[in-house]
Amino acid sequence: MKYYLIAGEASGDLHASNLMKGIYAQDSEADCRFWGGSLMDAVRVANQGSSGLVHDYKGDAIMGFWEVAKSAGRLSRNLRSCKEDINRFNPDAVILVDYPGFNFRIAEFAHERGFKVFYYIAPKVWASREGRIRKLKEYVDRLFIVFPFEIPYFTARGVDFIYRGNPLVDAIDDSEAAKETREEFLVRNGLENRPIIALLAGSRSGEISKMMPVLMEFTRKLRALPRYAGYQFVIAGAPSRTIDDYAPYMDPADKEVKVLFGQTQNIVRNSEVAVVNSGTASLETVLLGTPQVVGYINASRLTYLIAKKLIKVRYISLGNLILDRLAFRELIQDDCSADALVEEVKRLVEDQPYREKMLAEYAAIREALGGRGASAAVAGAMIEELQTYMRSPKM
C-alpha cells in the first residue's frame, strides 16, 4: 500500500520514522512518500533503496500567532505544493503527524479528495483551541493518541481513537545513545570527566533567541559559585539549526560552554541536571532519568498574553500533565530568569531527597506511558484499518 506522511518538526521526524519502520515490517509492499526529515528518509532508503523526501521540515517550524501571520505566504505555497504532490502520488492513506497548523488544512483537503486520513499524535486540543475537535471528527478517519490522559478526554468528546502507548519509550531505550558509555561520550566530544549541565534552548528560532541570553547568564552566575566553578555546560543543538543560531549569544573565549549537534539524548543522559525548554524534550529527559527544570519564554509578549488566555491546562510539560501534578518545576516567561535557574539547579544537585523524589516521579511517568512497541503497534493498527476499509463493500 502507498502511504503519504507529513511531519513538520524534529519530534515528528523521529516518531514518523519509527512508525515507518513498523509499516515496512508489516507491509511488504509499502511505498512511503513524505514531508519530513532525514530520519524518515533514512528509513525509506533502507527499505526502498531511494529517497522519498519531498520537502524537508527544517526552516518551517514557526511558533506564535504573530510569527505565523508573518509567514502566511510561505505556508500558503507549501500547502499548495503538498496538495499537488498528494494528488500525484494518490496514496491509500495520508498520515498526519502532529504539526496541526499545517496538517489540519491537509486533512480537510485529503478528506474532500476521498483519501483515508490518519492523524498520529493528536493536536493538543486539550490545552487550547478545542474547536479543532470538530475538524478531527469531520476530516480524520482515525486518530492515534499517545498519552494516557488523552483517553478520557477524547472519549468524553466522542472522538474515535486508538491508543497503543507512547513511541518515545522505544525511541529512547533503543537509541544509539543508550549503547554509549559516559567515557566514550566524553572522549568523542573532547569533554573532561567533570559534571555537565545540559542546556536545551528549543528548536525554533524564536525559542532560541529568547532562551539563549538567559541560559548564558545562568552559566556565568552558577560558575561564580565555588562549588560549580568546574562544571561544564553543553548546549544540545537542535537538528534544524546550525552554530550560527547559537554563536551570537556565546562568548568565544568561554571554553566551558559547548554546542553539540545530533546528540541530545547523549548529552542529557550524561548530565547531572538538564535545563530544558518545554516540549517533547522535557519528556525525553524524564525517560533518560536526568533531573530537570523546565524554562519557557514565548517568542513574543503578544503571543504569550494571547496564549495565557487560551491555554486550559495546569502545566506546560508533558511529564507533569501525565501525572497531573508537579514532578519538576516549570519557570515560565517572567519567572524564567538566570537567578531562578541557578537556585533550582543548586537544589537539584545539593538536595538529595529532592532529587530522589523527582526520580521517583519519573518512574511513575514511565509506567503511565505503557510498555514498549508502540510504534509497531500503531503501524499494525493503521494497516488493519486500511485492509478492513478495502474489504468493505463500496456504495
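Here the structure is a predicted model, which means the values were calculated and not measured.

Student: Help me understand the overall build of the chain in this model?
Tutor: Broken down by element type, the chain carries 17 helices and 13 strands. Here the C-alpha radius of gyration of the chain, 21 Å, is about what a compact globule of 395 residues would show, namely 21 Å. A principal-axis box enclosing the C-alpha atoms of the chain has dimensions of 75 × 45 × 40 Å. Expressed as a percentage of the 395 residues in the chain, the buried residues total 55%. In the chain, the share of contacts with a sequence separation of at least 24, taken over all contacts with a separation of at least 6, comes to 65%.

Student: Quick question: what am I supposed to make of the nonpolar core here?
Tutor: Ranked by size, the top nonpolar core spans 130 residues in total, and within it Tyr3, Leu5, Ile95, Tyr120, Phe154, Ile197 and Phe218 carry the most contacts. Take this core: its biggest share by element is eight residues, from helix H10 (residues 205–223). The contact partners of phenylalanine 218, leaving out residues within four places of it in the chain, are Ile197, Leu199, Phe233, Val275, Ala338, Leu341, Val342 and Val345.

Student: Sorry if this is basic, but what is going on with the pattern of salt bridges here?
Tutor: Pairing is possible between side chains of opposite charge, provided their charged atoms come close. Enumeration over the complete set of coordinates arrives at 26 salt bridges. Arginine 204 is paired through a salt bridge with glutamate 9; the nearest N and O atoms lie 2.7 Å apart. Residue arginine 204 is located in the loop between strand E8 (196–200) and H10, and its partner glutamate 9 is located in the loop between strand E1 (2–7) and helix H1 (10–26); the two are separated by 195 residues in the primary sequence. Close ionic contact of glutamate 256 with arginine 194 constitutes a salt bridge, the shortest N to O distance being 3.2 Å. Pair noted here: glutamate 256 is in the loop between strand E9 (232–237) and strand E10 (257–261) and arginine 194 is in the loop between helix H9 (182–188) and E8, with a separation of 62 residues, a long-range link.

Student: Explanation requested: the sheet that holds strand E7 (residues 161–163) in the structure shown.
Tutor: Within a sheet, neighbouring strands are paired by backbone hydrogen bonds and run either parallel or antiparallel to one another. Ordered by their spatial adjacency, seven strands build an open sheet running E3-E2-E1-E4-E5-E6-E7, and the pairing between neighbours is parallel. Sheet topology places strand E3 (53–56) and E7 at the edges, where each strand pairs with a single neighbour. Strand-to-strand, the axes of this sheet are offset by a mean angle of 20°, without reference to chain direction.

Student: What's the story with the environment of lysine 21 in this structure? I'm lost.
Tutor: Inspection of the secondary structure puts lysine 21 in helix H1. The partly exposed category is assigned to lysine 21, whose relative accessible area is 46%. Residues lysine 21 and lysine 179 lie 158 residues apart in sequence; the distance between their C-alpha atoms is 20 Å.

Student: Got a minute to help me understand the sheet that holds E10 in this structure?
Tutor: Spatial strand order, E10-E9-E8-E11-E12-E13: six strands in an open sheet with parallel pairing. On the outer flanks of this sheet lie E10 and strand E13 (330–332), each paired with one strand and no other. Taking the axes of each pair of neighbouring strands and ignoring which way they run, one obtains an average angle of 20° across the sheet. With four bridges joining them, strand E11 (residues 273–277) and strand E12 (residues 292–296) adopt parallel strand pairing. By the bridge assignment for E12, asparagine 277 is matched with glycine 295.

Student: How should helix H16 (residues 352–368) be read in this particular structure?
Tutor: For an α-helix the count is 3.6 residues per turn, leaving residues at separations of three or four pointing the same way. Counted at 1.5 Å a residue, the expected span for H16 with its 17 residues is 24 Å, and the 25 Å between its end C-alpha atoms agrees. What H16 keeps buried is the set Tyr354, Arg355, Met358, Glu361, Tyr362 and Ile365. Along the axis of H16, the buried positions cluster into a sector of 120°, meaning they face one direction only. Of the residues in H16, the exposed ones pointing more than 90 degrees away from the buried face are Pro353, Lys357 and Glu367. Packed against the buried residues of H16 are E11, helix H12 (280–288), E12, helix H14 (318–323) and helix H15 (338–350). Following H16 by one or two positions, glycine 370 adopts a phi angle in the positive range, close to 90°.

Student: Would you take a moment to explain the side chain of serine 375 for this structure?
Tutor: Take serine 375: it is sitting in helix H17 (residues 374–391). Accessibility expressed as a relative area gives 5% for serine 375, which makes it buried. Not counting residues within four places of it along the chain, the set of residues in contact with serine 375 comprises Asn18, Leu19, Tyr120, Pro167 and Asp170.

Student: Any chance you could explain the environment of lysine 135 here in plain terms?
Tutor: Mapped onto the elements, lysine 135 comes out in helix H6 (residues 132–139). When its relative accessible area of 29% is taken as the criterion, lysine 135 is described as partly exposed. Measuring from C-alpha to C-alpha, the distance between lysine 135 and glutamate 108 comes to 7.9 Å, with 27 residues separating the pair along the chain. Sequence-distant contacts of lysine 135, defined by excluding residues within four places in its chain, comprise Phe104 and Val140.

Student: What is the right way to read unusual backbone geometry from this model?
Tutor: Note on backbone geometry: most residues besides glycine have negative phi, and most peptide bonds are trans. Non-glycine residue asparagine 90 carries a positive phi angle of around 55°. Tracing the backbone shows asparagine 90 in the loop between helix H4 (72–89) and strand E4 (93–97). Look at arginine 129: it is not a glycine, yet its phi comes out positive at around 55°. Its location among the elements puts arginine 129 in the loop between strand E5 (116–120) and H6.

Thresholds applied
Residues numbered from 1 in each chain as written. Predicted model: local features only at pLDDT ≥ 70, side-chain atom pairs only at ≥ 80, totals over all residues. Heavy atoms only, no water. Helix = DSSP H or I, 4+ residues; strand = E, 2+ residues; numbered from the N terminus. Rg over C-alpha atoms; globule rule 2.2 N^0.38 Å. Buried < 20%, exposed > 50% of the residue type's maximum accessible area, 1.4 Å probe, protein only. Contact = heavy atoms within 4.5 Å. Core = buried A, V, L, I, M, F, W, Y, C linked by side-chain atoms within 4.5 Å. Salt bridge = Lys/Arg side-chain N within 4 Å of Asp/Glu carboxyl O. Pairing = 2+ DSSP bridges. Axes fitted to C-alpha atoms, helices over the stretch in contact; angles between N-to-C directions. Expected span 1.5 Å × (residues − 1). Arc of directions from axis to C-beta.

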